[in-house]
Amino acid sequence: MSSRISARVSAISESATLAVDAKAKAMKAAGRPVIGFGAGEPDFPTPGYIVDAAIEAARDPRFHKYTPAGGLPELRQAIAAKTLRDSGYEVDASRVLVTNGGKQAVYQAFATLLDPGDEVLVVAPYWTTYPEAIKLAGGVQVDVVTDETSGYLATVEQLEAARTERTKVLLFVSPSNPTGAVYSREQVEAIGRWAAEHDLWVVTDEIYEHLVYGDTEFTSIATAVPELGDKVVILNGVAKTYAMTGWRVGWLIGPPDVVKAATNLQSHATSNVANVSQIAALAAVSGDLSAVAEMREAFDRRRKTMVRMLNDIPGVLCPEPLGAFYVYPSVKALLGKEIRGRRPQTSAELAELILEEAEVAVVPGEAFGTPGYFRLSYALGDDDLVEGVSRLQKLLAEAS
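Residues numbered from 1 in each chain as written. Predicted model: local features only at pLDDT ≥ 70, side-chain atom pairs only at ≥ 80, totals over all residues. Heavy atoms only, no water.

Draft legend 1. Local environment of the environment of Tyr-183. Note that Tyr-183 resides in the loop between β5 (167-173) and α8 (185-197). Through-space distance from the C-alpha of Tyr-183 to that of Gly-323 is 9.8 Å; in sequence the pair is 140 residues apart. With near-sequence residues (within four places) excluded, Tyr-183 lies in contact with Val-123, Tyr-152, Leu-153, Ala-154, Phe-172, Val-173, Ser-174, Val-188, Ile-191 and Glu-217. (Helix = DSSP H or I, 4+ residues; strand = E, 2+ residues; numbered from the N terminus. Contact = heavy atoms within 4.5 Å.)

What follows is the structure, encoded as structure tokens:
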């Protein structure tokens with residue numbers, strides 16, 4: 001008897017981060033004082049000048065109609081200019097595809113590059129959407145597992161050990177979700193040269209490019225390693241930098257044949273991104289980065305507070321992240337210990353216990369390919385952050 005749902009779609013897992021966020025919000029709606037560290041979105045409103053641009057666009061009849069599937073020409077041009085300004089990578093506007101958020105850019109990149117059986121090297125821990133996009137494209141994910149001892153950074157030696165004759169793509173992410181790891185320029189160059197030497201495609205997700213802290217600098221692999229030539233695809237968007245997660249505007253930058261093919265796909269999947277959102281994104285990428293600097297200052301403060309408080313918990317080891325707005329502490333030393341009559345054996349079980357007993361929502365490492373860890377976002381208010389981690393401290397101190 002045939003299944004009602006296709007095997008392809010049945011194999012897709014629900015977004016674990018969105019699921020945790022939804023459960024936390026449902027408990028809040030039921031009157032429980034849940035503090036959620038699950039969602040990866042800034043707690044700030046979208047800057048006013050961006051909202052004003054969208055209001056004006058909504059009144060303009062030109063934006064009430066279909067526009068080119070690949071994006072408004074003025075936005076594509078602005079994204080090309082912004083890319084040169086921020087990462088030194090010069091690209092023609094024709095090589096920019098505007099997508100419905102960063103997730104569509106991820107999906108379309110792999111759908112365009114992969115044939116069934118092609119392998120993609122993915123550094124674990126990894127963001128939850130990457131495996132599903134690769135799987136839908138018929139690709140095979142090959143994990144390159146890192147841990148806290150290396151700061152969650154992969155080496156050329158690890159990548160080479162995972163490479164086979166079927167390897168087609170390296171997925172490179174810096175700064176990283178979920179770990180906040182950032183590769184140094186020297187590390188980026190070494191990995192890029194290795195990829196070029198083996199004629200691999202590099203898909204690089206740069207959506208957290210502006211969220212780096214202290215003396216840390218963002219390095220685009222496309223700029224640092226020109227030897228990669230036309231085998232680089234850049235993924236980015238306005239969601240994290242400009243507090244625009246709900247506006248759904250991302251983009252893909254690549255060689256002409258890839259962008260043309262991905263645009264053809266998008267023309268049938270969704271057609272153009274909502275025009276009002278595109279004009280809002282145009283205001284964002286064309287403006288200065290002062291609003292971003294203010295948000296980054298707040299994230300930096302919260303980052304330091306969260307790392308300090310988590311490392312005060314016996315059994316928790318939290319490396320200091322250098323980018324994005326997440327921490328990724330190890331909780332392996334707590335597994336199997338008794339907490340309020342229960343002995344959680346996995347980080348997923350421990351996360352469930354924490355939600356029930358402390359009313360704090362965290363995402364377990366199982367969602368990111370490395371059990372034994374939690375991801376906590378520090379993109380929430382200072383008071384909630386301190387209260388939430390204080391509850392963790394109190395509950396986990398009972399472990400015995």
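Draft legend 2. Structural view of α8. Here α8 spans 18 Å end to end across 13 residues, near enough to the 18 Å set by a 1.5 Å rise per residue. Those residues of α8 not exposed but buried are Val-188, Ile-191, Gly-192, Trp-194 and Ala-195. The buried residues of α8 occupy an angular sector of 160° when the element is viewed end-on, so they sit on one face. Set apart from the buried face of α8 by more than 90 degrees, the exposed residues are Glu-186 and Glu-197. Check the buried side of α8 and you find it contacts β3 (119-124), α7 (156-162), β5, β6 (201-205) and α9 (221-224). Residue Asp-199 follows α8 closely and has a positive phi angle near 55°. (Expected span 1.5 Å × (residues − 1). Buried < 20%, exposed > 50% of the residue type's maximum accessible area, 1.4 Å probe, protein only. Arc of directions from axis to C-beta.)

Draft legend 3. Expanded view of the pattern of salt bridges. This model, assessed by the stated rule, comprises 23 salt bridges. For Asp-43, the salt bridge goes to Arg-302, with nearest N and O atoms at 2.9 Å. Here Asp-43 is found in the loop between β1 (35-36) and α3 (48-59), whereas its partner Arg-302 is found in helix α12 (residues 290-311), with 259 residues between them in sequence. With a shortest N-O distance of 3.2 Å, Arg-340 and Glu-357 are connected by a salt bridge. In this pair, Arg-340 is assigned in the loop between β9 (326-327) and α13 (347-358) and Glu-357 in helix α13, connecting sequence segments 17 residues apart. Arg-340 gets classed as partly exposed once you look at its relative accessible area, which sits at 39%. The class of Glu-357 is partly exposed, set by a relative accessible area of 33%. Residues joined by salt bridges that share partners form a network here, namely Asp-43, Arg-301, Arg-302 and Asp-382. (Salt bridge = Lys/Arg side-chain N within 4 Å of Asp/Glu carboxyl O.)

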